Amino acid sequence: KVFEQNIGLGGVVSLLWFRRKMPDYACKFLEMVLILTADHGPAVSGAHNTIVTARAGKDLISSLCSGLLTIGPRFGGAID
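Definitions and limits used
- Residues numbered from 1 in each chain as written.
- Predicted model: local features only at pLDDT ≥ 70, side-chain atom pairs only at ≥ 80, totals over all residues.
- Heavy atoms only, no water.
- Axes fitted to C-alpha atoms, helices over the stretch in contact; angles between N-to-C directions.
- Helix = DSSP H or I, 4+ residues; strand = E, 2+ residues; numbered from the N terminus.
- Parallel < 35°, antiparallel > 145°, perpendicular 65-115°, else oblique.
- Left-handed = near helix turned anticlockwise from the far one by under 90°.
- Contact = heavy atoms within 4.5 Å.
- Nonpolar A, V, L, I, M, F, W, Y, C, P; charged D, E, K, R; others polar.
- Buried < 20%, exposed > 50% of the residue type's maximum accessible area, 1.4 Å probe, protein only.
- Polar contact = N/O pair within 3.5 Å; in protein donor to acceptor, adjacent residues only side chain to side chain.
- Salt bridge = Lys/Arg side-chain N within 4 Å of Asp/Glu carboxyl O.
- Arc of directions from axis to C-beta.

**Student:** How would you sum up the packing of helix H4 (residues 45-55) against helix H5 (residues 60-68)? Please name residues and give values.
**Tutor:** Between H4 and H5, whose axes approach to 7 Å, the crossing angle comes to 155 degrees. With respect to H5, the element H4 is oriented roughly antiparallel. Considering the relative orientation of H4 and H5, their crossing is right-handed. Residue-level inspection shows Gly46, Asn49, Thr50, Thr53 and Ala54 of H4 in contact with H5, the latter providing Ser62, Ser63, Leu64, Ser66 and Gly67. Of the residues contributing to the contact of H4 with H5, the split by class is two nonpolar, eight polar and no charged.

As structure tokens, this is what we get:
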């Protein structure tokens, strides 16, 4: 039934998590979040350092600076 309706990944996630089909805009949003997480995730050095700094109790600016100062040539083209 899911394949016949072609509801996409966002629709499948909405059925699994919320036990109902969410509106199209919500399904598209879920798909976008999943794609961004899969592409970038929290494991890149900048995001990781920002999270660690914030969890250590530092303020927003310090956390942001920690992540930005980690950007380098292996960051995936962010400085190009």
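**Student:** Which residues make up the side chain of Ser14, and what are the values?
**Tutor:** Turning to its location among the elements, Ser14 is positioned in helix H2 (residues 8-18). Here Ser14 falls in the buried class, since its relative accessible area comes to 0%. Separated by 3.4 Å, the side chain of Ser14 and the backbone oxygen of Arg20 make a polar contact. Those residues in contact with Ser14, other than ones at most four positions away along the chain, are Arg19, Arg20, Lys21, Met22, Cys27 and Leu30.

**Student:** Please give an account of the pattern of salt bridges that cites residues and values.
**Tutor:** All told, the structure shown has one salt bridge when counted by the stated rule. With a shortest N-O distance of 3.4 Å, Lys21 and Asp24 are connected by a salt bridge. Of the residues examined, Lys21 reaches a relative accessible area of 36% and is grouped as partly exposed.

**Student:** I'd like a rundown of H2, residues and numbers included.
**Tutor:** Within the span of H2, buried status applies to Gly10, Gly11, Val13 and Ser14. Seen end-on, H2 carries its buried residues on one side only, within an arc spanning 160 degrees.

**Student:** With reference to specific residues and values, describe the environment of Gly8.
**Tutor:** Relative to the elements of secondary structure, Gly8 occurs in helix H2. Among the residues examined, Gly8 registers a relative accessible area of 30% and is labelled partly exposed. Residues Gly8 and Cys27, spaced 19 residues apart in sequence, show a C-alpha to C-alpha distance of 8.0 Å.

**Student:** Give me the lowdown on the side chain of Ser63, citing residues and values where you can.
**Tutor:** Inspection of the secondary structure puts Ser63 in helix H5. Taking relative accessible area as the criterion, Ser63 reaches 3% and is therefore assigned buried. At 3.3 Å, the side chain of Ser63 and the backbone nitrogen of Ala54 are in polar contact. In contact with Ser63, not counting residues within four places along its chain, are Thr50, Thr53, Ala54 and Lys58.

It is worth stressing that arrangement in space is one thing and function is another; only the former is reported here.
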